[in-house]
Amino acid sequence: MKNRVLFIFLTLSVSALLHAGTTGKIVGQVVDAETKEPLPGANILVEGTTLGAAADANGDFFIIRLPPGEFTVSASMIGYQTFKYRDVRVSIDKTTALHFELTQTTLDIGESVTVVATRPLVERDLTSTSITISSDAISRLPVETLQDVVNLQAGVVNGHFRGGRSGEVAYMINGISMNDVYSGNNALQIENSAIQELQIISGTFNAEYGQAMSGIVNVVTKEGGSEYHGNISTYVGDYVSRNDKIFENINAFNPTYNVDATLNGPVPLLGNKVFFFASGRYYNNEGYIYGKNIFTPSDSSNFPSNDVRDWYIESHGIGYRFNSPQEFSRIADSLKKNADYVSMNPNKRYTGQLKLTYKLNSSNKIDYEGLYQWRRYKEYDHQFRFDPNGDYRRRQKSWNHSLNWTNVLSKRTFFTVKLSRFYTDYKQSVYDNPYDARYSNPMLLDAASGSAFKSGGEKMWHFYRNTTTSIGRIDLTSQITRQHQIKMGAQGRYHRLWLRAFEIRLNRNTGWKPYVPEQTKNVQNNDEYLYHPAEFSAYIQDKIELDYMVVNAGVRFDYFSSDGKKPEDYLDPARSRLLKTKSSSQISPRFGLSYPITDRGAIHVSYGHFFQIPNFEYLYTNPDYELYPTSDYGSTNPPERQPNTIGNAELKPQKTTIYEIGLQQQLAADLSLDVTAYFKDIRNLLGTEILHSLTGIRYARYINRDYGNVRGLTFSLEKRMSEGFAATVDYTYQIAKGNASDPASAFLDVQAGREPQKELVLLNWDRTHSLNVSTTLGNPDDYSVSLITKLGSGLPYTPTEQNVRTAVENSERKPPFFNIDIHAYKNLKVNDFHFTLFVRVFNLLDRKNENDVYSDTGRANYSISATRTGTIFGINSLEEYIRRPDFYSPPRQIIMGLSFQF
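Residues numbered from 1 in each chain as written. Predicted model: local features only at pLDDT ≥ 70, side-chain atom pairs only at ≥ 80, totals over all residues. Heavy atoms only, no water.

Peer 1: Would you take a moment to explain a nonpolar patch on the surface for this structure?
Peer 2: A cluster of nonpolar side chains, namely Y548, Y595, I597, I603, V605, I661 and L663, defines an oily patch on the protein surface of about 590 Å² accessible area. Every element with two or more residues in the nonpolar patch is listed here: β34 (584-598), β35 (601-612) and β37 (654-668). For I603, the position within the fold is in strand β35. Overall, I603 belongs to the partly exposed group, its relative accessible area being 31%. (Patch = residues over 30% accessible without salt bridge, like charges linked within 9 Å, V, L, I, M, F, W, Y side chains within 5 Å. Areas by Shrake-Rupley, 256 points an atom, 1.4 Å probe, with all protein chains shown as cover. Salt bridge = Lys/Arg side-chain N within 4 Å of Asp/Glu carboxyl O. Helix = DSSP H or I, 4+ residues; strand = E, 2+ residues; numbered from the N terminus. Buried < 20%, exposed > 50% of the residue type's maximum accessible area, 1.4 Å probe, protein only.)

Structural data, given as structure tokens:
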């Protein structure tokens, strides 16, 4: 294996790597306007840059290494007037074609002809489903985050691309992955104000992209220019809803504050060679789900029988006993009425970015970019609605440093060397200090029972983890002929994964003080590990642009070593000798073809194999192989893992084979249609096998066992902005099936006494019908009103009765989804200053979309099983317990703000 890796590395040592593209190119021809003869030697210049070309003997030219954006491109030649195209759009990995017809000069020297370039409705080199969105387009949408933009695309359901599981999408910033390899999540989200262009690939993708099975989200950030420019935007928002029974305290002022600023230009005292772009954002959302601070974690209540006269309730240190049910009801109502509201889903975030560009000369450029994000938030837990301070607080910080050197070898060839270091740190606990004196007896969590909220106690786990990923790579791009552009590359990624998770002990043996047990093997509920997995990848790809078709063909190689071990004997894994795990590797072919059928239409066909290592958390789960009877697990389950489940450091890559065929057709000067059909065959998905220990404990081990398939059809109709109106209509029909939605499904089925699922069933995120309609009215330079309407069939759920499954998994549907968001702005100018007033409204109609439901009724507002639970050993009513604000989409939110540009 070592020889194999070395051979491939040496073979491609002149190449580049598994990385997202960050540049595009312009091609075209210069001819005489009258004779149509080519004009060899004509000069083509991209104004505002040092990039350009000279036409060859056939009048043809190409310009590579162009960052995404809009440019003015001019063609000139002695004896001819200069011709300019303005607003020429260059996009990531795409080719922009220009045709210059120069007229022999009759104008005064210095005069030129300028026309506005129009992006073609049919992209000739589109070989799979992808879309590029400019910064201007994002600014006009009613969206707050990058993920909001992604979810607007056809085939995307709540971050799931075309039926894939979460974690199967690669999120990249300037070609660097921002996925946390532990969880697969996007751990560092760039703010919308820093995005120059966003590329979203939901179909097959080229060989340069790896470690993804469902899609690619590729962001190119803005760079500084030769002049100083800046923007400051601020807004305040509130939730305005009539659904005050579901969302308690919603009629109070529950603010969202936001300040967003950017500044760019040349770095002072360094001439006109070093430029910067800086951005920062402060975001603070108080949330829309509130609990009542009736109990503190230290309150001790007791419900020894069904008779309320035997009950004792403590609230904020004050004890209550009751002589009758009427007195109990009176005191309980008083406690609820006088309690303060506490937000249970707040979200606060700081983001900072700095990008420096040093242009040594026309052939050398060095970029440095630093990104930082800090976040503090909570996730709603219904059980703690009356004891909100007993729930976890979550903190996350992430940063990335990258250094990029681009060197031009010739007008046809350039290479890029990139170094990057990415870090993310996550902490989860009730109190920061594990020895905090406020920790109380964990038995207090069990005082209230039945359909009752907690009346005291707090969650006792501390969960810490961090991931560091170091990346080194080299890229080579060469336009070897007018028809062939070769990309090659190699990359190495070295990870450091550290995790520490333990449960605070507090009992008679610890002197009723919080105690953290020593970290030794086979100490219950106390995990720690440190691993250094490594990856290597390489690819070669050719973009072939012929007059009658465009082909993207390539192949990539991936190698992975987990740095893990596995037990030799699974009957007693905790005491077994450990064996070193094997590495894995695979080769993935990719192919895409676009065939223009007319000057107004094109057909594309694509095919590829896509591999991805499962999220690393499943490789190293439960590193000491602790197996205990479930009853011994303590006051709460371990965070982020199932009890009695062990990892597998020898997991194989998951595999998806994708087939796609599509048609682009221009219907009118400003109207186009795109129809795409796709099929995905998914194998080696993560699942669990059921094992038994010598002591009779049944436990699960992660293996590659799950499978599925997805088939779908998308229709997209685009109406370009003309006469003050633009619109996009996206419809997706999709069926996503598999034998499991959750990797732990097989183990959970066995624990519940059910046979694990063997037939294909609908996956949890299968939305058969999705319709997104985006409309814009107005003049973008003056004012605009944009609406986004989303309509979708309900997601599946599994029907039950008395917590017993009554039908096949995911055989019923939740209610359909419907939502409208709106964004309106007005530009103002005062002297040389530009202002923008804007309003955004999310969930305009204040719809109660039922994102989750009770499995016995299929609705979010009622449960038959809950009405049969008997006595409620707590102070809440059954109606209060059944009412689940987290089952619904957020209520209507109105935001008003002002931005200032200079």
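Back to the write-up after that little detour.
Peer 1: Would you mind showing me how to read the nonpolar core here?
Peer 2: The nonpolar side chains of a soluble globular protein tend to be buried, and buried together. Judged by nonpolar contacts, the single largest core of 31 residues is most densely connected at Y439, L497, Y529, F616 and Y620. Looking at this core, the elements with two or more residues in it are β27 (461-479), β28 (484-503), β29 (526-531) and α5 (617-620). Residue contributions to this core peak at 4 residues, all from β28. Discounting residues that sit within four places of it in the chain, F616 has contacts with V181, Y182, H495, L497, P533, E535 and F560. Grouped together as the second largest cluster of nonpolar side chains are 29 residues, V156, Y171, M178 and I195 included. (Core = buried A, V, L, I, M, F, W, Y, C linked by side-chain atoms within 4.5 Å. Contact = heavy atoms within 4.5 Å.)

Peer 1: Sorry, what's going on with the side chain of R767 here?
Peer 2: Structurally, R767 is set in the loop between β41 (761-762) and β42 (769-779). One buried charged residue, R767, forms no salt bridge at all, with the nearest opposite charge on D766 at 8.6 Å. Looking at R767, its side chain comes within polar contact range of the main-chain oxygen of S793, at 2.8 Å. The contacts of R767, once residues within four sequence positions are left out, are V157, Q734, G792, S793, L795, R813 and F817. (Lys, Arg positive; Asp, Glu negative; His and termini not counted. Polar contact = N/O pair within 3.5 Å; in protein donor to acceptor, adjacent residues only side chain to side chain.)

Peer 1: Can you help me understand the packing of aromatic side chains in this one?
Peer 2: For any pair of aromatic rings, geometry is given as the distance between the ring centres together with the angle between the planes. Tallied over the entire structure, the rule returns 37 aromatic pairs. A centroid spacing of 5.2 Å and a plane angle of 65° characterise the contact between F83 and Y85, whose relative ring orientation is edge-to-face. F83 sits in the buried class, given a relative accessible area of 14%. Overall, the relative accessible area of 15% leaves Y85 in the buried class. With 5.0 Å between their ring centres and 80° between their planes, F303 and W311 make a pair best called edge-to-face. In this structure an aromatic cluster arises from ring pairing among F303, W311, F322, F328 and F873. One residue, R162, lies across the ring of Y678, its end atom 4.0 Å from the ring centre. For the cation-ring pair, R375 lies above Y377, with the distance from its terminal atom to the ring centre recorded as 3.7 Å. (Phe/Tyr/Trp six-rings, centres within 6.5 Å; stacked < 30°, edge-to-face > 60°. Lys NZ or Arg CZ within 6 Å of the ring centre and 35° of its normal.)

Peer 1: Explain the pairing of strand β17 (residues 256-266) here, please?
Peer 2: One face of the sheet, then the other: side chains in a regular strand alternate in exactly this way. Here strand β16 (residues 229-239) pairs with β17 via 9 bridges, running antiparallel. Note on β17: the bridge partner recorded for H229 is N264. Bridge count between β17 and strand β18 (residues 274-285): 11 bridges; the pairing is antiparallel. Paired with Y257 across the two strands is N284, which belongs to β18. (Pairing = 2+ DSSP bridges.)

Peer 1: I would appreciate a short explanation of helix α4 (residues 325-338) in the present structure.
Peer 2: Note that an α-helix has 3.6 residues per turn; residues three or four places apart therefore point the same way. For α4, which comprises 14 residues, the first-to-last C-alpha distance of 20 Å matches the rise-based estimate of 20 Å (1.5 Å per residue) to within 8%. Three or more residues of α4 are buried, namely E327, F328, I331, A332, L335 and K336. Angularly, the buried residues of α4 cover 160° about the axis, an arc narrow enough to put them on a single face. Projecting away from the buried face of α4 at angles above 90 degrees are the exposed residues Q326, R330, K337 and N338. Looking at the packing, one finds that the buried side of α4 touches β19 (290-292), β20 (312-315), β21 (318-321) and α7 (878-882). (Expected span 1.5 Å × (residues − 1). Arc of directions from axis to C-beta.)

Shape is all these values report; function is a separate question.
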